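Structural features, examined
Take a look at the letters that make up each chain.
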Amino acid sequence: MTSAAAPGNRPAPPPESGPTGGPGSGPESESESESEPGSGSESGSESESESGSWSDTGAESVSPPVARSAPGSDGAPWRGWAAVCAVSLGIFCLITSELLPVGLLTPVGAALGVSDGTAGLMVTAPGLVAGFCAPLVTVGAGRLDRRLVLCVLIALMVAANLAAALAPNFAVVLAARLLVGVSVGGFWAVAGGLAVRLVPERHVGRATALVFGGVPTASVLGVPAGTLLGELGGWRTAFAAVGGLGLVTLTALLVLLPPLPATRHITFPELPALLRENRAVRAGVIVTFLVVTGQFAAYTFVRPILQEVSGVDARHISTLLLGYGVAGVAGNFLAGPRDAYRTLLVVSSALTVVLASIAVLPGPAVGTVLLLAWGLAYGGVSVSVQGWMIKAAPEAPEAASSLMVAMFNFAIAAGALCGGLAVDGLSEPAAPLGGAALMLAAATTVWVTAIRRTPDRSDGQGRIGHRA
């Protein structure tokens, strides 16, 4: 399967080029310069840039492109952006639901008679289920309208949270949490590539950043708000409130999303074939694994690291983590409009330095600065790996996204496991040092598979895949 430049990275006219232009916009945009800027069709650019793929095969297997007209291109730009905001609200609601038990483990465990360790399954189980369900839902959705798929997944999340709020025992709560995992994995895989269908092509980077802005915002606002509700009205109230927010989200999706018919039917054999035949997708999945595993190997143990290495007072850690989250929101929107390959190179390189430094440099002031830099850098990861997948497989964005989402969620579990082994076997600083090593491997992978493959712009081609 060949890959082509993403439609969302076409060069914009000079007055609206913004941060997507310039050296950071990536080689794909140059290879598309022969097509008419701003056209609503993807066919021209895909056919012209096929020879610029990273594919290891010469087979001409790209599916026929489907013409589309973004809602924002018909003279009413607000329609497309309103739809993007509805999808972003869905991401916010789902991530809040997934992470809500982090602040409620002790009260849930006490109320239902289980240990904190057992209660922690409310976080672990949905993550693993999300990893498996991302490709399963993508394939199972078949030719269903994507608007219907997203609405069904949000409705499932609403039912799961209301069931948890009324659960008589922990088994029911855990079963409900498994349904949350189905919703998270499926919604993320389907929604991640929708920006190209909702807004004009020159705004796809910003729209994708807005969609994934729901991820760090959920950590900054959603989870603390849910924890506060749990403290004021009990943990059942917190779950019920997230279910209510899901109803609001469902209404927004029904009202604001246009019909989104499936552009192609994805089958299970296509997923491993995409990994085998598309070098860019394969590299993106590897980079996702390295970055996310490195992140959670370190971040899972950020509290003891700040206390033991940086000497931060325990009373200030919650405030610092809030600052980390705010920096992450800023990093998401800074990264969104920029070239995914170069952004991931910068992000993984910066995280290599930050994680290695926070493991060995003492002092509360140093620890605070490094934590904020950590949040700023990691905030750009979700939107950048999604942008990588859209650019790598514009003819199959859902299939590529499902592979990335699956790896993302598995890497969270792998990172926490590796970090725990490092801390138990060595010491607290071993976790961020191990994370730094994985970030360095990620930066090297990005350089070798993406940046170094970009030919000199003076050759007039601007294509990837024909240079060792």
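Fair warning: this is a prediction, and the values are worked out from it, not measured in the lab.

A word on the nonpolar core
Core analysis: the largest hydrophobic core is formed by 127 residues, its most contacted members being Phe187, Leu198, Val281, Trp374, Tyr378 and Trp388. Excluding residues within four positions of it along the chain, Trp374 makes contact with Gln295, Ala298, Tyr299, Val302, Tyr324, Leu351, Val354, Leu355 and Ile358.

Topic: the side chain of Asn278
Here Asn278 shows up in the loop between helix H13 (270-277) and helix H14 (279-299). The class of Asn278 is buried, set by a relative accessible area of 0%. Polar contacts involving the side chain of Asn278 include one to the main-chain amide nitrogen of Val281, which spans 3.1 Å. Within polar-contact distance, the side chain of Asn278 engages the backbone oxygen of Ala392 at 3.0 Å.

So, the packing of H13 against H14
One can describe the packing of H13 onto H14 by two numbers: an axis separation of 5 Å at closest approach and a directional angle of 95°. As judged from the angle between their axes, H13 and H14 are roughly perpendicular. Mapping the contact onto sequence places Leu274, Leu275, Arg276 and Glu277 in H13 and Arg279, Val281, Arg282 and Val285 in H14. Residue composition of the contact of H13 with H14, grouped by class: 4 nonpolar, no polar and 4 charged.

What to know about the packing of helix H17 (residues 340-360) against helix H21 (residues 430-451)
One way to put it is that H17 packs onto H21 with a least axis distance of 8 Å and a crossing angle of 160°. Of the possible angle classes, the one that applies to H17 and H21 is roughly antiparallel. In this structure, H17 meets H21 at a crossing whose hand is left-handed. Along the contact surface, H17 presents Tyr341, Arg342, Leu344, Leu345, Ser348, Ser349, Leu351, Thr352, Leu355, Ala356, Ile358 and Ala359, while H21 presents Pro432, Leu433, Gly435, Ala436, Met439, Leu440, Ala442, Ala443, Val446, Trp447, Ala450 and Ile451. Taken together, the residues of the contact of H17 with H21 break down into 19 nonpolar, 4 polar and 1 charged.

Considering the pattern of salt bridges
Inspection of the entire model under this criterion finds 2 salt bridges. Residues Asp339 and Arg342 are paired through a salt bridge, measuring 3.4 Å at the closest nitrogen-oxygen approach. A salt bridge links Asp339 to Lys391; the nearest nitrogen and oxygen atoms lie 2.4 Å apart. Taken as a pair, Asp339 in the loop between helix H16 (317-335) and H17 and Lys391 in helix H19 (residues 381-392) lie far apart in primary sequence, 52 residues in all. Of the two residues examined, Asp339 and Lys391, each falls in the buried class. Here the salt bridges share partners, and the residues they tie into one network are Asp339, Arg342 and Lys391.

Observations concerning the side chain of Arg146
Within the element layout of this structure, Arg146 appears in helix H7 (residues 146-165). Overall, Arg146 belongs to the buried group, its relative accessible area being 1%. Discounting residues that sit within four places of it in the chain, Arg146 has contacts with Thr138, Ala141, Val190, Leu260, Ala262 and Glu398.

Details of the packing of aromatic side chains
What the rule picks out here adds up to 8 aromatic pairs. Ring geometry for Trp235 versus Phe239: centroids 5.9 Å apart, planes at 90°, classification edge-to-face. With Trp235 and Phe239 both in helix H12 (residues 235-256) and 4 residues apart, this pair spans about one turn of that helix. For the pair Trp235 and Phe239, one class covers both residues: buried. An angle of 85° between the planes, with centres 5.9 Å apart, marks the rings of Tyr299 and Trp374 as edge-to-face. Here Trp374 lies in helix H18 (residues 364-378) and Tyr299 lies in helix H14, a separation of 75 residues in the sequence. By relative accessible area, which is 0% here, Trp374 ends up buried.

Quick look at a nonpolar patch on the surface
On the surface, Val360, Leu361, Val366 and Leu433 cluster together to form a nonpolar patch covering roughly 310 Å² of accessible area. Relative to the elements of secondary structure, Leu361 occurs in the loop between H17 and H18. With relative accessibility at 39%, the residue Leu361 sits in the partly exposed group.

As for H7
Compared with the 28 Å implied by 1.5 Å per residue over 20 residues, the 29 Å span of H7 between its first and last C-alpha is a close match. On its buried face, H7 is in contact with helix H3 (77-99), helix H6 (121-140), helix H8 (170-191), H12 and helix H20 (397-425). Of the residues that open H7, the one with a side-chain oxygen 2.7 Å from the backbone nitrogen of Arg147 is Asp145.

Here we look at the environment of Ile412
Tracing the sequence through the fold places Ile412 in helix H20. Given the relative accessible area of 28%, Ile412 is considered partly exposed. In sequence terms Ile412 and Thr293 are 119 residues apart; their C-alpha atoms lie 5.8 Å from each other. Residue contacts for Ile412: discarding those within four places in its chain leaves Val292 and Phe296.

Notes on the confidence of the model for the protein
Of all residues in the protein, 80% have pLDDT values of 70 or greater, and the mean over the chain is 78. pLDDT under 50 marks residues 1-75. Its contacts with residues more than four places away, or in other chains, come to 173 contacts. Considering only residues more than four positions removed or in separate chains, one finds that residues 455-468, a stretch of pLDDT under 50, has 37 contacts.

Each value, and the rule that gives it
Residues numbered from 1 in each chain as written. Predicted model: local features only at pLDDT ≥ 70, side-chain atom pairs only at ≥ 80, totals over all residues. Heavy atoms only, no water. Core = buried A, V, L, I, M, F, W, Y, C linked by side-chain atoms within 4.5 Å. Buried < 20%, exposed > 50% of the residue type's maximum accessible area, 1.4 Å probe, protein only. Contact = heavy atoms within 4.5 Å. Helix = DSSP H or I, 4+ residues; strand = E, 2+ residues; numbered from the N terminus. Polar contact = N/O pair within 3.5 Å; in protein donor to acceptor, adjacent residues only side chain to side chain. Axes fitted to C-alpha atoms, helices over the stretch in contact; angles between N-to-C directions. Parallel < 35°, antiparallel > 145°, perpendicular 65-115°, else oblique. Nonpolar A, V, L, I, M, F, W, Y, C, P; charged D, E, K, R; others polar. Left-handed = near helix turned anticlockwise from the far one by under 90°. Salt bridge = Lys/Arg side-chain N within 4 Å of Asp/Glu carboxyl O. Phe/Tyr/Trp six-rings, centres within 6.5 Å; stacked < 30°, edge-to-face > 60°. Patch = residues over 30% accessible without salt bridge, like charges linked within 9 Å, V, L, I, M, F, W, Y side chains within 5 Å. Areas by Shrake-Rupley, 256 points an atom, 1.4 Å probe, with all protein chains shown as cover. Expected span 1.5 Å × (residues − 1). pLDDT = per-residue confidence, 0-100.

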